[in-house]
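Residue-level structure breakdown
What follows is the residue order along each chain.
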Amino acid sequence: MDMQRFHWPTTEGQSRQEFRTYRTQNYQSYRNIEGPVLQHPKFESNHNEKSEIMHFQLRNLIRATSKNCVYYSAAEVIKHWNPVTRDSEDVVDFLQVGSGDSRVCTLDAKENVLIAGGFSGDYVIKTPTELHQGILTHSQNGITNHMQLLRHRTGAFVCNISSNDGFLRIIDVHQMRTLHQFPTPWALNCTASSPDTHLCVCVGDSQESLVISTDTGETLHRMEGHVDYSFSYKTMRLYDTRNLNKTLHVQEGHMGAIRSLTFSESNILSCAEALDYVHLYDPVTTRSQTIDFFGEIAGTCFDLSGDYLWISIADGPVPCLLEFVRPNT
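In this numbering scheme, every chain counts its residues from 1 along its sequence in written order. For a predicted model such as this one, the threshold for reporting local features is a pLDDT of at least 70, and the threshold for listing and counting side-chain atom pairs is 80 or more; totals across whole chains, interfaces and linings nevertheless cover every residue. To get the side-chain values, take all heavy atoms of the structure and skip hydrogens and water.

1. Description of the pattern of salt bridges
Here, a salt bridge means any side-chain nitrogen of Lys or Arg that lies within 4 Å of a carboxyl oxygen of Asp or Glu. In this structure the tally under the stated criterion is 15 salt bridges. For Asp2, the salt bridge goes to Arg16, with nearest N and O atoms at 3.5 Å. Within this pair, whereas Asp2 is found in the segment before helix H1 (16–26), its partner Arg16 is found in helix H1, the two being separated by 14 residues in sequence. Exposure categories follow from relative accessible area, calculated using a 1.4 Å probe and restricted to protein chains: below 20% of the type maximum is buried, above 50% is exposed, and the middle band is partly exposed. Judged by its relative accessible area of 16%, Asp2 falls in the buried class. Since its relative accessible area comes to 22%, Arg16 is described here as partly exposed. Residue Lys79 is joined to Asp90 by a salt bridge in which the shortest nitrogen-to-oxygen separation is 2.7 Å. Residue Lys79 is found in strand S3 (residues 77–82), and its partner Asp90 is found in strand S4 (residues 87–93); the two are separated by eleven residues along the sequence. The structure contains a network of salt bridges with shared partners spanning Asp2, Arg16, Arg20, Arg23, Asp276 and Asp292. Per the convention used, a helix needs a DSSP run of H or I reaching at least four residues, while a strand needs a run of E reaching at least two, with both numbered from the N terminus.

Below, the structure written as structure tokens:
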């Protein structure tokens, strides 16, 4: 029995490696743009909770604020999982507080704040004392693709929101107001801010990535190298902001697209494919590790220390939440 409670060999007599080889050879990764294909620290497990994916490209559906507090999406409901007590509870029901298509397509959590976005431009912010709901856009193409909570250099607690209508919206979480609304030349799929919050990298339905000013929205640099829309094909590219003309590292997927990237506070990068594989990469030492299993990946997250990693598996015979702990923790 493996970590997902599969029994090997199968009833057909396949070993785990034989099934892995068959699955890798026969999976067809979705591509937006046709073109040439780029050739090219240990954890233990536990599980039982089940997530659901509402959009096949949006895989940021789990976040942890501590080793005792994990939030994940189960269709219209966001659940809280306590890895210590092994208990879970519903914390937000989009059917009751959302609007339009009441399904969760992305979420983030930090400093006791939970934020989630839906398919109709709607969002929900939950704090220990209140629940706020709002509308980001009334566009028919207003899917909320990604959310990033962060502490702004001014001290404000803000959220960078990537929308399918081609806008980056920066909102003040506590004041519940929009600070900036910057247009992008394509559907915006994901953003990530620099630690000082001056810069933001934007990726979307394009082969190029943009580095913009979070104060003015001005494009400061354009990065190239991807062979398809970002997060929809088989590579992740790592850059040093001091020299954005050169790629430091390329992480290629074994089977499908790199859909979700998560940095731990200890600078370990989790690169989750659409299914079956999560790659862990240390950009300082360049060491890497690959965790393989069977199932569509709804997302990954670390706790604040980086010692705990959770992987949400949303389909297959055993959909579950895998928990990995760094040895000697």
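2. Examining the sheet that holds strand S7 (residues 122–126)
Two strands qualify as a pair provided DSSP detects at least 2 bridges between them. A sheet is described by the order of its strands in space; here four strands give the open sequence S5-S6-S7-S8, paired in antiparallel fashion. Of all the strands in the sheet, the pair left with one neighbour each is strand S5 (104–110) and strand S8 (131–135). Taking each pair of neighbouring strands and ignoring which way they run, the sheet shows an average axis angle of 15°. Bridge count for S7 against S8 is five bridges, and the pairing is antiparallel. What sits directly across from Val124, in S8, is Gln133. Convention adopted: a line fitted to C-alpha atoms gives each axis, helices being fitted over their contacting stretch, and angles between N-to-C directions are expressed from 0 to 180 degrees.

3. Notes on the pairing of strand S14 (residues 199–204)
Direction of pairing for strand S13 (residues 188–193) relative to S14: antiparallel, over a ladder of five bridges. Each bridged residue has a counterpart across the sheet, and for Leu188 the counterpart in S14 is Gly204. Here S13 folds back onto S14 in antiparallel fashion, the turn holding five residues, of which Thr197 has a positive phi close to 65°. As judged from the four bridges shared by S14 and strand S15 (residues 209–213), these two strands associate in the antiparallel manner. Across the sheet, the residue bridging to Leu199 is Ser213, located in S15. The hairpin turn running from S14 into S15, its antiparallel successor, is four residues long.

4. Here we look at the side chain of Ser162
Its location among the elements puts Ser162 in strand S10 (residues 157–163). A relative accessible area of 0% places Ser162 in the buried class. Those residues in contact with Ser162, other than ones at most four positions away along the chain, are Ile143, Thr144, Asn145, His146, Phe167, Leu188, Asn189, Cys190 and Thr191. Residues are treated as being in contact if the distance between any of their heavy atoms lies within 4.5 Å.

5. Focus on the side chain of Glu208
With respect to the helices, strands and loops of the structure, Glu208 is situated in the loop between S14 and S15. On the accessibility criterion, Glu208 (17% relative accessible area) is buried. Identification of polar contacts relies on pairs of N or O atoms within 3.5 Å, with a donor-acceptor requirement for protein atoms, meaning one able to donate a hydrogen and the other able to accept it, and with residues adjacent in sequence counted only if both atoms are side-chain atoms. At a separation of 2.9 Å, a polar atom in the side chain of Glu208 contacts the side chain of Arg222. Ignoring sequence-local partners within four residues, the contact set of Glu208 consists of Trp186, Arg222 and Met223.

6. Concerning unusual backbone geometry
Negative phi is the rule for most residues except glycine; trans is the rule for most peptide bonds. Residue Pro9 is bonded to the preceding Trp8 through a cis peptide linkage, with omega at -5°. Tracing the backbone through its elements, the reader meets Pro9 in the segment before H1. One non-glycine residue with positive phi stands out, namely Glu111, at about 50°. Mapping Glu111 onto the fold places it in the loop between S5 and strand S6 (113–118). Despite not being glycine, Thr197 shows a phi value in the positive range, around 65°.

7. Looking at the state of the cysteines
Counting rule for disulfides: a pair of cysteine sulfur atoms within 2.5 Å. The final tally for this structure, using the stated rule, is zero disulfides. Here Cys320 stays unpaired: no disulfide links it, and the sulfur of Cys301, its closest cysteine neighbor, is 14 Å away.

8. A look at the pairing of strand S20 (residues 269–273)
By the criterion of burial, S20 is predominantly enclosed, with five of the five residues buried. In S20, alternate side chains face the same way, and those of Leu269, Cys271 and Glu273 on one face and Ser270 and Ala272 on the other are all buried. Across five bridges, the pairing between strand S19 (residues 258–263) and S20 is antiparallel. Paired with Phe263 across the bridge in S20 is Leu269.

9. A closer look at the sheet that holds S4
Taken in spatial order, the four strands of this open sheet run S1-S2-S3-S4, and their pairing is antiparallel. At either margin of the open sheet sits one strand with a lone partner, and together these are strand S1 (62–66) and S4. Adjacent strand axes in the sheet meet at a mean angle of 25° when their direction is disregarded.

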